[in-house]
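# Understanding the architecture of this molecule
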Amino acid sequence: TQLLEQSPQFLSIQEGENLTVYCNSSSVFSSLQWYRQEPGEGPVLLVTVVTGGEVKKLKRLTFQFGDARKDSSLHITAAQPGDTGLYLCAGYGGSEKLVFGKGTKLTVNP
Amino acid sequence: EAGVTQFPSHSVIEKGQTVTLRCDPISGHDNLYWYRRVMGKEIKFLLHFVKESKQDESGMPNNRFLAERTGGTYSTLKVQPAELEDSGVYFCASSYYRELFFGEGSRLTVL
């Protein structure tokens, strides 16, 4: 069974700080996605990384896929209150079903 | 363009009753998925339709769950009879390829 471990589970920081969220597995994934979910809504796709070592940037968010395609990280620079939400990593193994991590609940205080 | 819509947004039922959840995918999306999040756990895959065919139903918990997709359009997920452990948020998602668009979810509470 493929599992994705996310850390930390909870993160509360002040506006302007930087943070990194990690997503780790012992399994190889063909691609990995990051989602953001707000209360009462469904997850919204932020990015998909496919190639080992790949780095993608989305404004202040930087996503990295590990060389071995077993792990990923999300780095946010100068966090803002609008970044508050639940961040989920999810990966495709050998099928079309996504495996999700439990998520990281981020709170950015003004 | 309308997103994925799910109905009802919240359902509260007694153990042993039946509930049917509905999902309307984005028009033109052949792929339709059902996922579930039980409190404290990660979102887990239930099943995958391609048009009206079940491509993968390996995540369905047991035979109390029945999913259908009429004519390759909307889908329903029926739970009969519901048990306490069925409580959770049921998400539907649709896609053309691997960019999934999720609905807001249907929260099911079984008392």
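Here the structure is a predicted model, which means the values were calculated and not measured. (Residues numbered from 1 in each chain as written. Chains lettered and ligands numbered in written order. Predicted model: local features only at pLDDT ≥ 70, side-chain atom pairs only at ≥ 80, totals over all residues. Heavy atoms only, no water.)

## Comments concerning the overall build of chain B
Helix and strand content of chain B: zero helices and eleven strands. Sequence-ordered secondary structure for chain B, helices as α and strands as β, is β-β-β-β-β-β-β-β-β-β-β. Expected size for 111 residues packed as a compact globule is a radius of gyration near 13 Å; at 13 Å, chain B falls within 12% of this value. Once the C-alpha set of chain B is aligned to its principal axes, its extents read approximately 35 × 25 × 25 Å. (Helix = DSSP H or I, 4+ residues; strand = E, 2+ residues; numbered from the N terminus. Rg over C-alpha atoms; globule rule 2.2 N^0.38 Å.)

## Regarding the state of the cysteines
Residue and element names in this part refer to chain B. Summed over all chains, the structure comprises two disulfides over all chains. Disulfide partner of cysteine 23: cysteine 92, at an S-S distance of 1.8 Å. Measuring handedness by torsion sign, the sulfur bridge of cysteine 23 and cysteine 92 sits at about -65 degrees and is left-handed. In this pair, cysteine 23 sits in strand E3 (residues 19-24) while cysteine 92 sits in strand E9 (residues 88-95), placing the two residues 69 residues apart along the sequence. Each member of the pair cysteine 23 and cysteine 92 is classed as buried. (Disulfide = S-S within 2.5 Å. Buried < 20%, exposed > 50% of the residue type's maximum accessible area, 1.4 Å probe, protein only.)

## Digging into the side chain of aspartate 83 of chain A
Within the element layout of this structure, aspartate 83 of chain A appears in the loop between strand E8 (71-76) and strand E9 (85-92). When near neighbours in sequence (up to four residues on either side) are disregarded, aspartate 83 of chain A contacts Arg36, Arg60, Ile76, Leu106 and Val108 of chain A. (Contact = heavy atoms within 4.5 Å.)

## A short note on the interface of chain B and chain A
On the chain A side, the residues contacting the 18 residues of chain B number 20 residues. Here chain B meets chain A over a buried area of about 1,600 Å², counting both sides, of which 51% is carbon and sulfur. Our count for the chain B to chain A interface comes out at one salt bridge. Of the charged contacts in the structure, one is a salt bridge between glutamate 96 of chain A and arginine 98 of chain B, with a shortest N-O distance of 2.8 Å. Our count for the contact surface shared by chain B and chain A stands at six residue pairs in polar contact (both at pLDDT 80 or more). Going through the elements one at a time, strand E4 (31-37) and strand E5 (43-50) of chain B are the ones with two or more residues in the side of chain B that touches chain A. Tallied by class, residues from the side of chain B that touches chain A come to seven nonpolar, four polar and seven charged. (Buried area = accessible area lost by both parts, 1.4 Å probe. Salt bridge = Lys/Arg side-chain N within 4 Å of Asp/Glu carboxyl O. Polar contact = N/O pair within 3.5 Å; in protein donor to acceptor, adjacent residues only side chain to side chain. Nonpolar A, V, L, I, M, F, W, Y, C, P; charged D, E, K, R; others polar.)

## Looking at the pattern of salt bridges
Any two side chains of opposite charge can pair, on the condition that their charged atoms come close. Residues and elements named next belong to chain B. Under the counting rule described, the total for this entry stands at seven salt bridges over all chains. The closest approach of N and O atoms between arginine 22 and aspartate 24, which form a salt bridge, is 2.8 Å. The class for arginine 22 is partly exposed, based on a relative accessible area of 32%. Measuring nitrogen to oxygen at the nearest pair gives 3.9 Å for the salt bridge that ties glutamate 57 to lysine 54. Look at glutamate 57 and you get partly exposed, because its relative accessible area is 42%.

## A few points about the environment of glycine 85 of chain A
Residue and element names in this part refer to chain A. Assignment of secondary structure puts glycine 85 in strand E9. Residue class for glycine 85 comes out buried when judged on its relative accessible area of 9%. Once the C-alpha coordinates of glycine 85 and proline 39 are considered, the two residues, 46 residues apart in sequence, prove to be 7.8 Å apart. When sequence neighbours within four positions are dropped, the list of residues in contact with glycine 85 reads Gln37, Thr104, Lys105 and Leu106.

## Description of the pairing of E3 of chain B
Residue and element names in this part refer to chain B. Covered by surrounding structure in E3 are Val19, Leu21 and Cys23 only, the residues Thr20, Arg22 and Asp24 on the alternate face being uncovered. For strand E1 (residues 5-7) and E3, the ladder comprises three bridges, and the chain directions are antiparallel. Bridge pairing in E3 links glutamine 6 to cysteine 23. Strand direction decides the pairing type here: E3 and strand E8 (residues 75-79), joined by five bridges, are antiparallel. For valine 19, the partnering residue across the bridge sits in E8 and is valine 79. (Pairing = 2+ DSSP bridges.)

## Brief notes about the pairing of E9 of chain A
Residue and element names in this part refer to chain A. Most of E9 is tucked away, with eight of its eight residues classed as buried. Alignment of strand E4 (residues 31-37) against E9, held across seven bridges, turns out to be antiparallel. Paired with serine 31 across the bridge in E9 is tyrosine 92. In the sheet, E9 pairs with strand E10 (residues 98-100) via three bridges, with the strands oriented antiparallel. Residue pairing in the sheet places tyrosine 92 in a bridge with leucine 98 of E10. Counted along the chain from E9 to the antiparallel partner E10, the turn is five residues long.

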